[in-house]
Amino acid sequence: VALGLYFPRKEYLENVYIDEPAGMPLLRIHALKDSHDEVAHFHLCQNLIISRARSHENNWFQIKEKTGLLYLSKSLDREDFNMLSVGNWMPLSKVMLYVFLSSHPFQEKECDSATRTTVFLSLINATAPACSSLTARQLCFTEMDLSFHIKENKPPGTFHQLQLPSVHHLCQNLSISYKLLAAEGIPFRYNENTTSVRVTQRLDREERERYELIAKCTVREGFREMQVEVPFLVNVLDEDDSPPFLPNGTDTADAVVEFNRKEGTVLATLTVYDADTTPIYPLESSRKKYTGTIITDDPWISETFRVEHIFDEIHFSPNGSQVRGTRHEY
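For the protein, an unreviewed UniProt entry supplies the name RET kinase and the organism Ptilonorhynchus violaceus.

Listed below in structure tokens is the structure:
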């Protein structure tokens, strides 16, 4: 089943200061494809959600439909801030908006797409700080963790841009450069010209479930140089694409029953491994996935014996990296 385009992050965070100019770029949102011929279209739909009970018409933020660049369409002044904050004494107000994704251009007010991500904006009751007062960490990376989810067996694509659009826009006197530190043969590429990171091939969760890289940033100002490194993590999301397997190749077990066995005696066992899925909660849904059956025409056997099914999470180690799976025992 083709599920379509998807976001490699569940949420994005960004700061917005008072009196930043209209047109100011805030952050870039990416989408990954389910199939090669899809084209991503981004759309902001709903009102700003200020608190659980309140929402307000969004007059300040827009997204470029084809690039996913979120920007200020109108400068946010103190009056706007007071209206969007709980009270004007607050130094910061958090608002939330949803970005929707579609493989075709959005029709007017079409907002029922299930594919969406959440953007949390911290509105700060102050003008943007001078670039010289920011630390290397603030100039290079936002407060979000650099943690991404990429589905296995999907086409390659760009899923992140390291350069912060707002810092790049405001701090043009600074030279900020990045590197992605990773072992040889890792399926990710960093493009120095665009500062974007791309997955270069289809991933296989049964081969590797998690990649741990490091994003390194260097800030140069005149003769001064600062460096900062942060973890860059990619988790591979599973698709049910590998059949379960039996350790010794047999899917039946013979049971020999001796006279006078007590109730609860184990007569035979059968083990099945599944590298593809981990135990799902509620546990009943994992139990229903596989069933153990006694093959007999004799009603007495059906009444007297039963198959018990227990399962637990185990780790496989293909290529030296740990991948979670399930051991089912009957």
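Asks: Tell me about empty space enclosed by the protein, residues and numbers included.
Replies: Inspection of every chain in the model, using the stated rule, returns three cavities of 30 Å³ or more. The volume enclosed by the largest cavity comes to roughly 140 Å³. Mapped onto the lining of the largest cavity, the elements with two or more residues apiece are strand E1 (11-17), strand E2 (25-28) and strand E11 (157-161). For the lining of the largest cavity, a count of residues per class yields nine nonpolar, five polar and two charged. Both domain 1 (1-128) and domain 2 (130-238) contribute no fewer than three residues apiece to the lining of the largest cavity.

Asks: Talk me through the packing of aromatic side chains; I want residue IDs and the actual numbers.
Replies: Using the criterion set out here, one finds 11 aromatic pairs in the structure. Taking the centre distance of 5.9 Å and the plane angle of 70° together, the rings of Phe 141 and Tyr 178 count as edge-to-face. Of this pair, Phe 141 sits in the loop between helix H2 (136-140) and strand E10 (146-151) while Tyr 178 sits in strand E12 (residues 175-181), and the two are 37 residues apart along the sequence. Seen in terms of ring centroids, Tyr 273 and Phe 316 are 6.1 Å apart; in terms of plane orientation they differ by 80°. Their pairing is edge-to-face. Pair noted here: Tyr 273 is in strand E17 (residues 271-274) and Phe 316 is in strand E18 (residues 310-316), with a separation of 43 residues, a long-range link. Linked through ring pairs, Phe 148, Phe 159, Phe 188, Tyr 211 and Phe 232 together constitute an aromatic cluster. Positioned above the aromatic ring of Tyr 6 is the side chain of Lys 151, whose terminal nitrogen or guanidinium carbon lies 4.5 Å from the ring centre.

Asks: Please give an account of the UniProt feature "domain: Cadherin" (unreviewed entry) in the protein that cites residues and values.
Replies: Feature annotation in UniProt assigns "domain: Cadherin" (unreviewed entry) to the following positions: residues 142-246. Helix makes up 6% of residues 142-246 and strand 50%. Its end C-alpha atoms lie 47 Å apart.

Asks: Explain the sheet that holds E18 to me, using residue names and the numbers behind them.
Replies: If you trace the three strands from one edge of the open sheet to the other, you get E17-E19-E18, paired in antiparallel fashion. Two strands lie at the open edges of the sheet, namely E17 and E18, each paired on one side alone. Strand-to-strand twist of the sheet, defined as the mean angle between neighbouring strand axes without regard to direction, takes the value 25°. Of the strand pairs in this sheet, E18 and strand E19 (residues 323-329) are connected by seven bridges, and their pairing is antiparallel. Counterpart to Ile 310 in the pairing with E19 is Glu 329.

Asks: Quick rundown of the domain arrangement of the protein? Include the residues and the values.
Replies: Reports of interface size often rely on the accessible area that becomes lost once the parts have come together. As far as domains go, the protein holds domain 1 (1-128), domain 2 (130-238) and domain 3 (240-329). One C-alpha centre belongs to domain 1, the other to domain 2, and the line joining them spans 21 Å. On the domain 2 side, the residues contacting the 26 residues of domain 1 number 25 residues. Interface of domain 1 and domain 2: buried area, both sides summed, is about 2,100 Å²; carbon and sulfur atoms make up 59% of it. Counting every contact that joins domain 1 to domain 2 gives one salt bridge. The partner of Asp 34 in a salt bridge is Lys 154, with the nearest N and O atoms 3.1 Å apart. Remark: the boundary between domain 1 and domain 2 carries eight residue pairs in polar contact (both at pLDDT 80 or more). Elements supplying a minimum of two residues to the side of domain 1 that touches domain 2: E1 and E2. The leading source of residues in the side of domain 1 that touches domain 2 is E1, at five residues. Residue composition of the side of domain 1 that touches domain 2, grouped by class: 14 nonpolar, four polar and eight charged.

Definitions and cut-offs
- Residues numbered from 1 in each chain as written.
- Predicted model: local features only at pLDDT ≥ 70, side-chain atom pairs only at ≥ 80, totals over all residues.
- Heavy atoms only, no water.
- 1 Å grid on protein atoms, 1.4 Å probe; cavity = no way out; pocket = protein on both sides within 12 Å on 5 of 7 lines; lining within 4 Å.
- Points joined across faces, edges and corners; volume = space filled by probe spheres on them.
- Helix = DSSP H or I, 4+ residues; strand = E, 2+ residues; numbered from the N terminus.
- Nonpolar A, V, L, I, M, F, W, Y, C, P; charged D, E, K, R; others polar.
- Domains from an automatic or database assignment.
- Phe/Tyr/Trp six-rings, centres within 6.5 Å; stacked < 30°, edge-to-face > 60°.
- Lys NZ or Arg CZ within 6 Å of the ring centre and 35° of its normal.
- UniProt positions renumbered as here; feature names shortened; annotations may be inferred.
- Pairing = 2+ DSSP bridges.
- Axes fitted to C-alpha atoms, helices over the stretch in contact; angles between N-to-C directions.
- Contact = heavy atoms within 4.5 Å.
- Buried area = accessible area lost by both parts, 1.4 Å probe.
- Salt bridge = Lys/Arg side-chain N within 4 Å of Asp/Glu carboxyl O.
- Polar contact = N/O pair within 3.5 Å; in protein donor to acceptor, adjacent residues only side chain to side chain.

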